[in-house]
Amino acid sequence: MFVENLKNDFYNVLLGSRVLLLVHYDVDAICTCKILQGLFKCDNISYTLVPVGGISELKQAYDENNDEIKYVCLVNCGGTIDLVDILQPEEDVVFFVLDCHKPSHICNVYSEGQVRMVYKDEEEKIPDFEDIFRDDEDEDEEEPSEGGREALEAMVERRRARRAWEERRDTLMFNYTQFSYFGKPSALVALDVCWLVSRLGLGAGWAAAVAGAAHEAWAARGAAASLLDAGNILRANTHTDHAAEIVLEQDVCLPLYRSWSLEAALRHSPAVGPHLQLHSLAGAARLRQLLADMGFPLQQARQSYRSMDVELRRGLLEALERAAGERRLRGVTRASHALRRPPAPPRPALDLVYAVGALLHHETIPRSEGFQLALSALEIEGDNESLRIGIAAAQRSLECVARLVNATLAARALHLAGPFTYFIVHEGTPDAWAVSSPLWLGWRRAGAAAANASVPPPQCRALVASAPLPGPGPRCLLLGLPPRAQQPANLFGAAFSQAAAKSGVSVSMDYIDSSVISLPTAQRAQFLDALTALMG
């Protein structure tokens, strides 16, 4: 069931109770957790926080922490699976689900109260209850022994009606579940809760701004939808005693450019890099020409942004917009949020997206420790060591991903397989660790680079990417990205499930996102063949 009143039917219910907080490893979930922690601290709500990475971890976390727990809050996990069937909870346990992954599981939607969906996305076209569930006492009906022809005809008519209803139900469920997509960021729902309970602060607004930037950066939401989602963020400025404030302004959309050099930021931009074909021999010359068109000397562009000439920094936005217009570059500037804390330099929300993502999926830091560092990186006060670690890790990850993508395109290793293209990062490849998680493998740089490759027509091709997974046994990760023209609807979740059933490959669908799977490396070619036949 859906919660009708966020304050009375969700937050007030948790007051005075101990809550089990299960949080997924993604940027939006981290931001939501940060907001909920602030709320719980204000109202002395005790809670147990457990990060989870997949469905099996979700079940394990619940089994290990459900003693004397009556309320469970799930953040970006649990909404797309039948929670009651998988977790087998006691009847008095209530689950509150804040999950941006869509579509929601139909059993959660029509739960009588044990599962409560905190937010209903307007994009969800949920079938009516009577079209999906039917209390039919004649399901196992036997042929009548008495009553003659009329009773037999009535039975036949009932069976015909039931078959017609089942066919209609199957069609409705197929249409409802064939595409996966992302709804409104969970952190923005949590921000609405803060507003309703009069607990809105700058920290909550900043976390929500980072979550919105994450959905846009990873192409989970379109630019228009992201802007509408973030409409309430700025009102957090009116509920703070800090000198800091959140601003919405036109800014350069380059990764970590304030912490990097301008040349490095352009080289690793998902909009600029593929357009200039940096994987080719002439790519470096094209980048230098772009800088010349902008009026930036190479010596200035290669030093730290903060060490650049002040006049060049002030004119960066205008210069990039002018050069982008001449070269038909898109997506290099956009309206985005930033945190201003005088006298410190502005902190773009996009920088936090990369930093938090790098901390969650770090080469050497354990995931549980990275989770805590990611929460600390969202702090708005004081000297933030966690943020510095995250930015350094993000720069390294961006460099590794760029090298992998450029090497793939230079070697013409982007293959056409019917309705989609695919590339494979093989085991033993240098920097393969950087794409061993769905977050970085699915980064839009890989998608943009593939979409601008030589496979015609680029805007109509979906992409499948594969990379090796660490751990025992040679296994690989497989991720499906929809065509750019169809963002954000993704059909690979349903396609992967059907291909696994037809191919007989032992696929693991333990990931929260249905468009991400893992399978034995030796069976990857067999699975891709089945997927090609299915989608062809």
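Below you will find a few notes about this structure. (Residues numbered from 1 in each chain as written. Predicted model: local features only at pLDDT ≥ 70, side-chain atom pairs only at ≥ 80, totals over all residues. Heavy atoms only, no water.)

## Things to note about the overall build of the protein chain
Across its full length, the protein chain carries 23 helices and 15 strands. Computed over C-alpha atoms, the radius of gyration of the protein chain comes to 25 Å, within 12% of the 24 Å expected from 2.2 N^0.38 for 536 residues, which places it in the range of a compact globule. Here the C-alpha coordinates of the protein chain stretch approximately 95 × 55 × 45 Å along the principal axes. Within the span of the protein chain, comprising 536 residues, buried residues form 53% of the whole. Contacts in the protein chain between residues at least 24 apart in sequence constitute 71% of all its contacts with a sequence separation of at least 6. Total accessible area on the protein chain is roughly 24100 Å²; 49% of this is exposed by carbon and sulfur atoms. (Helix = DSSP H or I, 4+ residues; strand = E, 2+ residues; numbered from the N terminus. Rg over C-alpha atoms; globule rule 2.2 N^0.38 Å. Buried < 20%, exposed > 50% of the residue type's maximum accessible area, 1.4 Å probe, protein only. Contact = heavy atoms within 4.5 Å. Areas by Shrake-Rupley, 256 points an atom, 1.4 Å probe, with all protein chains shown as cover.)

## Details of the sheet that holds strand β4 (residues 94-98)
Ordered in space as β2-β1-β3-β4-β6, the five strands form an open sheet in which the pairing is parallel. Looking at strand neighbours, the two that pair on one side only are β2 (47-52) and β6 (115-117), the edges of this open sheet. Neighbouring strand axes in the sheet, compared pairwise and without regard to direction, differ in orientation by 20 degrees on average. Pairing of strand β1 (residues 19-24) with strand β3 (residues 71-75) involves five bridges; the strand directions are parallel. (Pairing = 2+ DSSP bridges. Axes fitted to C-alpha atoms, helices over the stretch in contact; angles between N-to-C directions.)

## Some points on the pattern of salt bridges
Evaluated as defined, the whole model comprises 21 salt bridges. Linking E124 and K102 is a salt bridge whose minimum nitrogen-to-oxygen distance equals 3.4 Å. Of the two residues, E124 sits in the loop between β6 and α6 (129-132) while K102 sits in strand β5 (residues 101-102), which places them 22 residues apart along the sequence. Among the salt bridges present, the one from R302 reaches E263, with a minimum N-O distance of 3.3 Å. Here the residue R302 occupies a position in helix α14 (residues 298-302), and E263 occupies one in helix α11 (residues 262-267), the gap between them amounting to 39 residues. Judged by its relative accessible area of 49%, R302 is partly exposed. The buried category is assigned to E263, whose relative accessible area is 11%. Among the ionic contacts, a cluster of salt bridges with common partners joins K184, D192 and R235. (Salt bridge = Lys/Arg side-chain N within 4 Å of Asp/Glu carboxyl O.)

## So, the side chain of S386
By secondary structure assignment, the location of S386 is in helix α19 (residues 385-410). Take S386: its relative accessible area is 11%, and that puts it in the buried class. Those residues in contact with S386, other than ones at most four positions away along the chain, are L359, L373, S376 and A377.

It is worth stressing that arrangement in space is one thing and function is another; only the former is reported here.
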